[in-house]
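The chain contents come next:
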Amino acid sequence: MSRTRILALVGVLVVWAAVSYGNRMLGVMAPALLPTPGEVATVFAETVRDGSLPRHVATSLARVAVGFGLAAVAALALGLLAAMCVPVRLMVEPIIEFVRPIPPLAFLPMFLVWFGLGEGSKVAFIGYTTFFPMFVAIAAAVLRVDVTLLRAAASLGAGHLDLIRRVILPAALPGIIVALRLGFALALFVIVGAEFMGADAGLGHLIMEGRTFFVPAQIVMGALVLGLLGSIVNALLLATERRLFRWREAGATS
Amino acid sequence: MKIRVRGLSRTFVAQGRETPALLDVDLEVAAHEFVCLLGPSGCGKSTLLNIVAGFLRPTAGEVRVDERPVTGPGADRGVVFQEYVLFPWLTVVGNVEFGLRLKGAPAAERRGIVARYLELVGLAAHAEKYPVQLSGGMKQRVAIARALANSPEIILMDEPFGALDAQTREVLQDELGRIQRVEHKTVLFVTHSIREAVYLADRVIVMTSAPGRIKQVFTIKLPEVRDRFAPEFTHYESEITRVVKEEVAKVHE
Ligand SMILES: Nc1ncnc2c1ncn2[C@@H]1O[C@H](COP(=O)(O)OP(=O)(O)OP(=O)(O)O)[C@@H](O)[C@H]1O
Ligand SMILES: [Mg+2]
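> Residues and numbers for the overall build of chain B, please.
Per the secondary structure count, chain B includes 8 helices and 10 strands. Considering chain B as a whole, with its 253 residues, one finds that 55% of them fall into the buried category. Within chain B, contacts between residues separated by at least 24 positions form 70% of all contacts whose residues are at least 6 apart in sequence. Accessible surface for chain B amounts to roughly 11,100 Å². Of this, 52% is attributable to carbon and sulfur atoms.

Structure follows, in structure tokens:
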């Protein structure tokens, strides 16, 4: 991490501490309404010690992983198909255009009705939410693949499967990774909503519990953990991307 | 005949209007012959080459290679494009061995063939580089090595040196001439440069302005290794220039 980034984060922490401890001293609003960094750290330490935080994180991540994973596989397969097959594209396009603007959360109650309160509804909801944007981005990335690359490969003897495996996938990979990053961020985004309703574990449940039992520090802690998870996953994906795409940077560095 | 083009026509439909690009083209290329296509811009040279490569379908007529009709692209016809089409995520070696991998050639065999062709195009020292690290001339050498390493009997080239500066261009012409004396491919080569055509070709085919037809064929009776300043060379050059100019003039009428 660069120095400016660390400085910016420290800055936020300082402002937060100043405002919350200042509030304690001046008594602008009820102290419990504005948790201090110390209180949040205490809740964090407690929930780590009793094992509840790791359990909530694991539960949420498992739901995200399964829902996002299934959606990613489906988006990749159908994105390739739609990009390569004009009739499929013409059929799918209007459906996507219709479904996409509907805020996914609008359908959450429907998923609870269909899949019950268990894991099924969370996983299915994440899958549903992340599928469409990933599908659209992947199909677009495949459509952008330069046709002369396909021609070059075909005149070297590539068949349909070779073209997919050895040209389309590597050529579209930068776009595919962007789509996956987008999908994952979205999954973390909506898992909380899904866990607000009828869940007995997960970070969304932890946050809701903070509301029910009036522990604002727990709400803030849950939110910060989500942010941290998102950053870690994003950093991992970026690192993978940089390794995979050395060929793009090779020109700039030598 | 290695390549037989018969009654070939191709019409494009753009904005609801039909424009003929090629009209009733007959053309034969013998095995190991180097044929250059010349003609004004837009006369259908690329269209003809793309149909022979199997990228485009003709509206009428047919192309036969070894007497079998062409139905699509294939490893028997290597292609070198004007815009240095390399796989950017593969190194020079990865690009050159692309076709060999498709065929399932074992690693040792691939290494030998790749080394031989990188040597032939003078890029042995750049084997591990990625395309972004290469100059235009080097990229086109890789594209030529990639086509040759796949050992097709036919090589189709569409203005392969068109985007290069004049010096690099002549260097690559020399190299291609030298390679052809070793490899004896059947070559169909599109160019705008009359000098390039006379330097490389066994036969030069001049096409008419659009819709493209064959206007005139010149058989170049010059020694294998050519001197760009020999009087016979410049004689061919000026004669072909005269014929091409007639057609170019028609485009501007
Ligand atoms: N995909 C296409 N759709 C519509 N028209 C096309 C298409 N490809 C080529 N044409 C038209 O066909 C004609 C011949 O094009 P072609 O590219 O074969 O010419 P060319 O001889 O290679 O020209 P240049 O020397 O400039 O490369 C042109 O009028 C062009 O506009
Ligand atoms: Mg052309």
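> Before we move on, could you go through the overall build of chain A and cite the residues and values that matter?
The number of helices and strands found in chain A is 11 helices and 0 strands. Put simply, chain A runs from its N terminus to its C terminus through helices and strands in the order α-α-α-α-α-α-α-α-α-α-α. Taken over C-alpha atoms, the radius of gyration comes to 23 Å for chain A, far larger than the 18 Å a tight globule of 254 residues would show. Each of the three principal axes of chain A carries a C-alpha extent, and together these read 75 × 55 × 30 Å. A burial count over chain A gives 40% of its 254 residues as buried.

> Pulling in residues and values, what's your account of the nonpolar core?
The nonpolar side chains of soluble globular proteins are, as a tendency, buried together. Membership of the largest hydrophobic core comes to 52 residues, with the highest contact counts inside it found for Phe189(B), Val204(B) and Ile240(B). Both domains that meet at this core, namely domain 1 (3-76 + 154-251) and domain 2 (86-151) of chain B, each give it at least three residues. When sequence neighbours within four positions are dropped, the list of residues in contact with Val204(B) reads Cys36(B), Leu38(B), Ala197(B), Gln216(B), Val217(B), Phe218(B), Ile220(B) and Ile240(B). Within the second largest apolar cluster, 47 residues are counted, among which are Val64(A), Ala72(A), Ile138(A) and Ala179(A).

> How would you explain the packing of helix α8 (residues 160-196) of chain A against helix α10 (residues 216-244) of chain A if you had to name every residue and give the values?
Residue and element names in this part refer to chain A. Remark: α8 packs on α10, axes separated minimally by 11 Å, with the N-to-C direction vectors making an angle of 170°. Comparing their axes, α10 and α8 come out roughly antiparallel. Contacts from Leu173, Ile177, Arg181, Phe184, Leu188 and Val192 in α8 reach Leu226, Leu229, Gly230, Val233, Asn234, Leu237, Leu238, Glu241 and Leu244 in α10.

> Quick one: what's the story with the side chain of Thr36(A), residue by residue and with numbers?
Residue and element names in this part refer to chain A. Inspection of the secondary structure puts Thr36 in the loop between α1 (3-26) and α2 (37-49). The buried category is assigned to Thr36, whose relative accessible area is 2%. If we skip the residues at most four places from it in the chain, Thr36 touches Trp16, Ser20, Tyr21 and Arg24.

> Please set out the side chain of Thr186(B) residue by residue, giving values where relevant.
Here Thr186(B) shows up in strand β8 (residues 186-190). Here the side chain of Thr186(B) touches His32(B) through a polar contact of 2.9 Å, landing on its backbone nitrogen.

> I'd like to hear about the site of ligand 1, residue by residue, with values.
All names here are of chain B. Neighbouring ligand 1 are the residues Phe12, Ala21, Ser41, Gly42, Cys43, Gly44, Lys45, Ser46, Thr47, Glu159 and His192. Backbone polar atom of Gly42 to an oxygen atom of ligand 1: 2.8 Å apart, as the coordinates give it. Burial of ligand 1 by the protein amounts to 59% of the accessible area it has alone, namely 640 Å². Of the residues forming the shell around ligand 1, the biggest block, 3 residues, is contributed by helix α1 (residues 45-53). Across the shell around ligand 1, the residue classes tally to 3 nonpolar, 6 polar and 2 charged.

> Explain the interface of chain B and chain A to me, using residue names and the numbers behind them.
Facing 24 residues of chain B, the contacting portion of chain A comprises 20 residues. Both sides together, the interface formed by chain B and chain A hides about 2,000 Å², and carbon and sulfur atoms give 72% of it. Linking chain B with chain A are 0 salt bridges, by the criterion used here. Counting across the chain B and chain A interface gives 1 residue pair in polar contact (both at pLDDT 80 or more). At the level of secondary structure, the elements contributing two or more residues to the side of chain B that touches chain A comprise β6 (77-80) and α3 (98-103) of chain B. Counted by class, the side of chain B that touches chain A contains 14 nonpolar, 6 polar and 4 charged residues.

> Break down the domain arrangement of chain B for me, citing the residues and quoting the values.
Residues and elements named next belong to chain B. Assigned domains within chain B: domain 1 (3-76 + 154-251) and domain 2 (86-151). Between domain 1 and domain 2, the C-alpha centre-to-centre distance is 25 Å. Taken together, the contact pairs 14 residues of domain 1 with 13 residues of domain 2. Taking both sides of the interface into account, the surface hidden between domain 1 and domain 2 amounts to around 1,100 Å²; carbon and sulfur atoms contribute 64%. Broken down residue by residue, the surface that domain 1 buries against domain 2 is led by Leu172, Ile179 and Glu183, which jointly contribute 34%. Between Arg116 and Glu183 there is a salt bridge, with the nearest N and O atoms lying 2.8 Å from each other. Counting the contacts that link domain 1 with domain 2 gives 5 residue pairs in polar contact (both at pLDDT 80 or more). Where the side of domain 1 that touches domain 2 is concerned, the elements lending two or more residues are β7 (154-158) and α6 (166-183). No other element matches the 7 residues that α6 contributes to the side of domain 1 that touches domain 2. A class-by-class count of the residues in the side of domain 1 that touches domain 2 yields 9 nonpolar, 1 polar and 4 charged.

> I'd like a description of unusual backbone geometry, backed by residues and values.
Residues and elements named next belong to chain B. With an omega of -10°, the peptide bond between Ala210 and Pro211 qualifies as cis. Mapped onto the elements, Pro211 comes out in the loop between β9 (203-207) and β10 (214-219). Positive phi, close to 50°, is recorded for Asp24, a residue that is not glycine. Within the chain, Glu159 stands out as a residue other than glycine whose phi angle is a positive 45°. Examined against the element boundaries, Glu159 turns out to sit in the loop between β7 and α6.

> So what's going on with helix α9 (residues 203-212) of chain A? Which residues, and what values?
All names here are of chain A. Regarding α9, the residues found buried are Leu203, Gly204, His205, Leu206, Ile207 and Gly210. Elements in contact with the buried residues of α9: α3 (52-84), α8 and α10. In the stretch just after α9, Phe214 is the one whose phi turns positive, near 50°.

> Just give me the short version of the sheet that holds strand β2 (residues 17-29) of chain B, but keep the residues and values in it.
Residue and element names in this part refer to chain B. Taken in spatial order, the 4 strands line up as β2-β1-β4-β5 in an open sheet, and their pairing is antiparallel. Single-partner strands in this sheet number two, and they are β2 and β5 (68-69). One ladder, built from 2 bridges, connects strand β4 (residues 60-65) with β5; its direction is antiparallel. Paired with Arg64 across the bridge in β5 is Pro69.

Conventions used here
Every chain begins its residue count from 1, and numbering advances along the sequence as written. The order in which chains are written sets their letters, starting at A; the order in which ligands are written sets their numbers, starting at 1. Totals for whole chains, interfaces and linings use every residue, but because this is a predicted model, local features are given only for residues with pLDDT of at least 70 and side-chain atom pairs only at 80 or more, for both listing and counting. Heavy atoms from the whole structure form the basis of all side-chain values; hydrogens and water molecules are not counted. A run of DSSP states H or I qualifies as a helix once it reaches four residues; a run of E qualifies as a strand once it reaches two. Both are numbered from the N-terminal end. Exposure categories follow from relative accessible area, calculated using a 1.4 Å probe and restricted to protein chains: below 20% of the type maximum is buried, above 50% is exposed, and the middle band is partly exposed. We call two residues in contact whenever any of their non-hydrogen atoms come within 4.5 Å of each other. Using the Shrake-Rupley algorithm and a 1.4 Å probe, accessible areas are obtained, with residue cover drawn only from the displayed protein chains. Values of the radius of gyration come from C-alpha atoms, whereas the globule rule sets the reference at 2.2 Å times the count of residues to the power 0.38. In plain words, nonpolar cores are sets of buried Ala, Val, Leu, Ile, Met, Phe, Trp, Tyr and Cys residues tied together by side-chain atoms within 4.5 Å. Those domain boundaries reflect an automatic or database domain assignment. Structural elements are reduced to axes, namely lines fitted to C-alpha atoms, with helices fitted over the stretch in contact, and the angle between N-to-C directions of any two is expressed from 0 to 180 degrees. Orientation is classified from the angle alone, with under 35 degrees giving roughly parallel, over 145 giving roughly antiparallel, 65 to 115 giving roughly perpendicular, and any other angle giving oblique. Two N or O atoms count as a polar contact when they lie within 3.5 Å, although within protein this holds only if one can serve as hydrogen donor and the other as acceptor, and sequence-adjacent residues are included solely when both atoms are side-chain atoms. Working definition: residue near molecule or strand if any one of its non-hydrogen atoms lies within 4 Å of it. Polar here means any residue outside two lists: the nonpolar Ala, Val, Leu, Ile, Met, Phe, Trp, Tyr, Cys and Pro, and the charged Asp, Glu, Lys and Arg; Gly therefore counts as polar. What gets called buried area is simply the loss in accessible area from a 1.4 Å probe that two parts show on being joined, summed for both. Salt bridge, as applied in this entry: a Lys or Arg side-chain nitrogen positioned within 4 Å of an Asp or Glu carboxyl oxygen. In this analysis, strands are considered paired if DSSP registers two or more bridges between them.

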